[in-house]
Amino acid sequence: MDSTPAAWSQADSYLADTLVGPDADLESALVAQREAGLPEIEVAPVAGKLLNLLVRISGARRVLEIGTLGGYSTIWLARAVGPEGRVVTIEAEAENAAVARASIDAAGVGDRVDIRIGRGADVLPTLVGGFDLVFIDADKESNTVYLDWAARLGHAGTVVVLDNIGREGEIVRDDSSDPKVIGTRDGLRMLGEDPRFDATALQTVGAKGWDGFAIAVVV
Ligand code: DHB
Ligand code: MG
């Protein structure tokens, strides 16, 4: 089989069918997101399941998400923290937050999810720390701000996941003028250099093209 975007997407669907399966609440969340005209840039099903597993493997009970969009990844995270757990999720756009609120409530995990509407840079300083896992999936230009807050609001052992570190391979372009590429590279450099983190990153191909995520622990 040729390694083409179509083949990556087919294989991703196969993996999702085999390991994730149908999920009415998550599929409804995606329908609501699309009907509201939000961009279809939520994590792939296999990646949502990975977030869910990382929460469970690490035993995280307090989760922070930066970038709610339509609540798709939020539902994956909220399911994983269990009934006594809490997810705080930050969304800059009130319209997105309203879509997410409805989908999260419909998925039966609304009581665990606190949506804070506002820019990350404004909301993060208002939060009380103690987060066990932080998922950063917002404007890439602010990645270093979000990583700094993840360390400050976390503790030794906090898991940090940073989405979209592959960017179709554009991350190698040290002369890029694309603010998203620059922000991604800045985030990766920080994860490599800042002594508060120990990190790695994995490239992915699949339904979302060629991209990837970084995973770090706060040391
Ligand atoms: C973009 C943002 C995302 O979080 C994502 O998963 C894919 C693309 C973007 O802004 O281009
Ligand atoms: Mg993303």
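Since the model is a prediction, treat every value here as computed from it, not as a measurement.

(A) Structural view of the overall build of the chain. Broken down by element type, the chain carries eight helices and seven strands. In the chain, which comprises 219 residues, the proportion classed as buried is 48%. Of the contacts formed within the chain by residues at least 6 apart in sequence, a portion of 69% connects residues at least 24 apart. With an accessible surface of roughly 10,400 Å², the chain has 54% of that area assigned to carbon and sulfur atoms. Taken together, the 20 basic and 34 acidic charged side chains of the chain have centroids lying 5 Å from each other.

(B) Here's a closer look at the packing of helix H1 (residues 5-19) against helix H3 (residues 45-58). Direction vectors running N to C along H1 and H3 enclose 45°, while the axes themselves pass 9 Å from each other. One element, H1, and the other, H3, form an angle in the oblique class. In contact with Asp12, Leu15, Ala16 and Leu19 of H1, H3 contributes Pro45, Val46 and Lys49. Split by residue class, the contact of H1 with H3 holds five nonpolar, no polar and two charged.

(C) Broad picture of the pattern of salt bridges. For the structure shown, the criterion picks out eleven salt bridges. With its nearest N and O atoms 2.7 Å apart, the salt bridge here joins aspartate 23 to arginine 79. In this pair, aspartate 23 is assigned in the loop between H1 and helix H2 (24-35) and arginine 79 in helix H4 (residues 72-81), connecting sequence segments 56 residues apart. Ionic pairing is found between lysine 208 and glutamate 42, a salt bridge with its closest N-O pair at 3.1 Å. Here lysine 208, found in the loop between strand E6 (197-206) and strand E7 (209-218), pairs with glutamate 42, found in the loop between H2 and H3; they are 166 residues apart in sequence, far enough to count as distant. You can call lysine 208 partly exposed: its relative accessible area is 36%. A residue is classified by how much of its surface remains accessible, and glutamate 42, at 12% relative accessible area, is buried. Three or more residues are tied together by salt bridges with common partners; here these are Asp148, Arg152, Asp194 and Arg196.

(D) Fine view of the packing of aromatic side chains. Per the counting criterion, the structure on display carries zero aromatic pairs. Across the ring face of phenylalanine 131, the terminal group of arginine 62 is positioned such that the distance to the ring centre comes to 4.2 Å. Positioned over the ring face of tryptophan 76 is arginine 79, at 5.7 Å from the centre of the ring.

(E) Molecular detail of the nonpolar core. Counting residues in each nonpolar core, the largest one holds 28 residues, and the members touching the most others are Val55, Val63, Leu77, Val87, Ile104, Leu133 and Val161. Within the residue set of this core, elements represented by two or more residues are H2, H3, H4, helix H5 (94-106), strand E3 (113-117), strand E4 (133-136) and strand E5 (159-163). Considering every element that reaches this core, the biggest residue donor is H4, with seven residues. When near neighbours in sequence (up to four residues on either side) are disregarded, valine 87 contacts Val63, Thr74, Leu77, Ala78, Val81, Arg112, Val113 and Asp114. In this structure, Phe131, Trp149, Val160 and Leu162 belong to the second largest nonpolar core, which totals 26 residues.

(F) Expanded view of the site of ligand 1. Taken together, Ile41, Asp137, Lys140, Asp163, Asn164, Arg167 and Lys180 make up the full set of residues near ligand 1. One of the backbone N or O atoms of isoleucine 41 is found 3.1 Å from an oxygen atom in ligand 1. Between ligand 1 and lysine 140, the relevant distance is 3.0 Å, taken from an oxygen atom to a side-chain nitrogen or oxygen of the residue. Surface burial for ligand 1 is 74%, taken as the share of its 290 Å² of free accessible area covered by protein chains. Among the residues forming the shell around ligand 1, the class breakdown is one nonpolar, one polar and five charged.

About the criteria used
Residues numbered from 1 in each chain as written. Chains lettered and ligands numbered in written order. Predicted model: local features only at pLDDT ≥ 70, side-chain atom pairs only at ≥ 80, totals over all residues. Heavy atoms only, no water. Helix = DSSP H or I, 4+ residues; strand = E, 2+ residues; numbered from the N terminus. Buried < 20%, exposed > 50% of the residue type's maximum accessible area, 1.4 Å probe, protein only. Contact = heavy atoms within 4.5 Å. Areas by Shrake-Rupley, 256 points an atom, 1.4 Å probe, with all protein chains shown as cover. Lys, Arg positive; Asp, Glu negative; His and termini not counted. Charge placed at Lys NZ, Arg CZ, Asp CG, Glu CD. Axes fitted to C-alpha atoms, helices over the stretch in contact; angles between N-to-C directions. Parallel < 35°, antiparallel > 145°, perpendicular 65-115°, else oblique. Nonpolar A, V, L, I, M, F, W, Y, C, P; charged D, E, K, R; others polar. Salt bridge = Lys/Arg side-chain N within 4 Å of Asp/Glu carboxyl O. Phe/Tyr/Trp six-rings, centres within 6.5 Å; stacked < 30°, edge-to-face > 60°. Lys NZ or Arg CZ within 6 Å of the ring centre and 35° of its normal. Core = buried A, V, L, I, M, F, W, Y, C linked by side-chain atoms within 4.5 Å. Near = heavy atom within 4 Å. Polar contact = N/O pair within 3.5 Å; in protein donor to acceptor, adjacent residues only side chain to side chain.

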